[in-house]
Amino acid sequence: MTNATIANEVYSTHRPLRILLCDDHALVMDGIRSRLECFEHINIVGEAGNGAEALTMAGDLHPDIVLMDISMPVMNGLEAAEKFRETLPDTKVVILSMHENPEYLRTAQEAGAKGFILKDVSSNDMVRAIETIANGGEAYSSTFDRITDGEDSNNDGVPLTSRERTVLRLLAKGASNKHVARELDISVRTVETHRRNIKRKLDIDSSAGLVRYAIEKGLVTLDSAS
C-alpha cells in the first residue's frame, strides 16, 4: 500500500493522464506498461532509457508524470528529477524503484520528486499514487511512513538529513566533490545536489561558511577542518 498525502482522492480531470516511463531495463518497462495500460485514464506517451533521454522526450511529449528508475546510465533518476524541477516544473517526477532505502527517498524529495514507489506494489496502488500526485499531492510506499519531512530527528539543531550531515562533514574536512562521491559511492552530480541543498537549508553561500558552521555545531573539530 502507498501512503498518500491526499487519501482516497479521485483523479479530478476528465482527460487521460499522460505518463512517460523511464527505465534502462526493457523487460521491466514492458511490465510496467502492461500493468498501467489496463487503466483507461492512463496514457503511456513514451519510453526512455535514461534520465537525459527522458528530459528530451518530455520537452516534446509534455507528460503529466514521469515514472523513473534510479539506477540508469548517462543520467540517473535522482539527477534527472532535479533537472525536471529546474526546466520542466509542470511535469511531476515519481521514482519507481526496487531500492527500499530511506537515503534514496530523502535525496529524491530534495531533488523535487513527488513520489517514491517500490516496483512491487500492486497495480491499483501504483495508479492510486499516480492519481494522488496528479491532483497535487505526494505519494510514498508505506515502508517509508516514518519519513515525513526528509529530515532526521536530532538534538543539535542541525536541519539536515543524515546523508547531508555526512556530506557536510567531508566537505568541511577539505574533501572535493569527487572524493565525497567516491567515499559515499554516489555520483559527483548527487554530491553537488547535496551541497546546494545544504547551503539553501543553512542559508550559507560560501564553502568557508560551511566549514565555520560545521565547527560551531561540533560536526568536525578545528584540527580536522580544512
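Residues numbered from 1 in each chain as written. Predicted model: local features only at pLDDT ≥ 70, side-chain atom pairs only at ≥ 80, totals over all residues. Heavy atoms only, no water.

## Some words on the overall build of the chain
If you tally the helices and strands in the chain, you get nine helices and seven strands. Expressed as a percentage of the 226 residues in the chain, the buried residues total 48%. Summarising the internal contacts of the chain: among those between residues at least 6 apart in sequence, 66% fall at separations of at least 24. Within the structure as shown, the chain displays about 11100 Å² of accessible surface, and the carbon and sulfur contribution to it stands at 48%. (Helix = DSSP H or I, 4+ residues; strand = E, 2+ residues; numbered from the N terminus. Buried < 20%, exposed > 50% of the residue type's maximum accessible area, 1.4 Å probe, protein only. Contact = heavy atoms within 4.5 Å. Areas by Shrake-Rupley, 256 points an atom, 1.4 Å probe, with all protein chains shown as cover.)

## A few points about helix H3 (residues 77-87)
Those residues of H3 that sit buried are Gly77, Leu78, Glu79, Ala80, Ala81, Glu82 and Phe84. On its buried face, H3 sits against helix H2 (51-61), strand E4 (65-68), strand E5 (92-97), helix H4 (102-111) and helix H8 (188-202). Taking the backbone nitrogen of Leu78 as reference, a side-chain oxygen 3.0 Å away marks Asn76 as the first, capping residue of H3. (Polar contact = N/O pair within 3.5 Å; in protein donor to acceptor, adjacent residues only side chain to side chain.)

## Brief notes about the layout of surface pockets
For the largest pocket, the calculated volume is near 290 Å³. Taken together, 15 residues make up the lining of the largest pocket; nearest its centre are Leu78, Tyr104, Asp185, Ile186 and Ser187. With three residues, H4 is the largest single contributor of residues to the lining of the largest pocket. (1 Å grid on protein atoms, 1.4 Å probe; cavity = no way out; pocket = protein on both sides within 12 Å on 5 of 7 lines; lining within 4 Å. Points joined across faces, edges and corners; volume = space filled by probe spheres on them.)

## What to know about the pairing of E4
Going residue by residue along E4, you find Ile65 and Leu67 tucked away on one face and Val66 and Met68 tucked away on the opposite face as well. Direction of pairing for strand E2 (residues 17-22) relative to E4: parallel, over a ladder of four bridges. Bridged to Leu21 within E4 is Leu67. As judged from the four bridges shared by E4 and E5, these two strands associate in the parallel manner. Looking at the pairing, Met68 lines up with Ile95 of E5. Each parallel crossover has a hand, and the one from E4 via H3 to E5 is right-handed. (Pairing = 2+ DSSP bridges. Right-handed = clockwise from strand over helix to strand, strands pointing away.)

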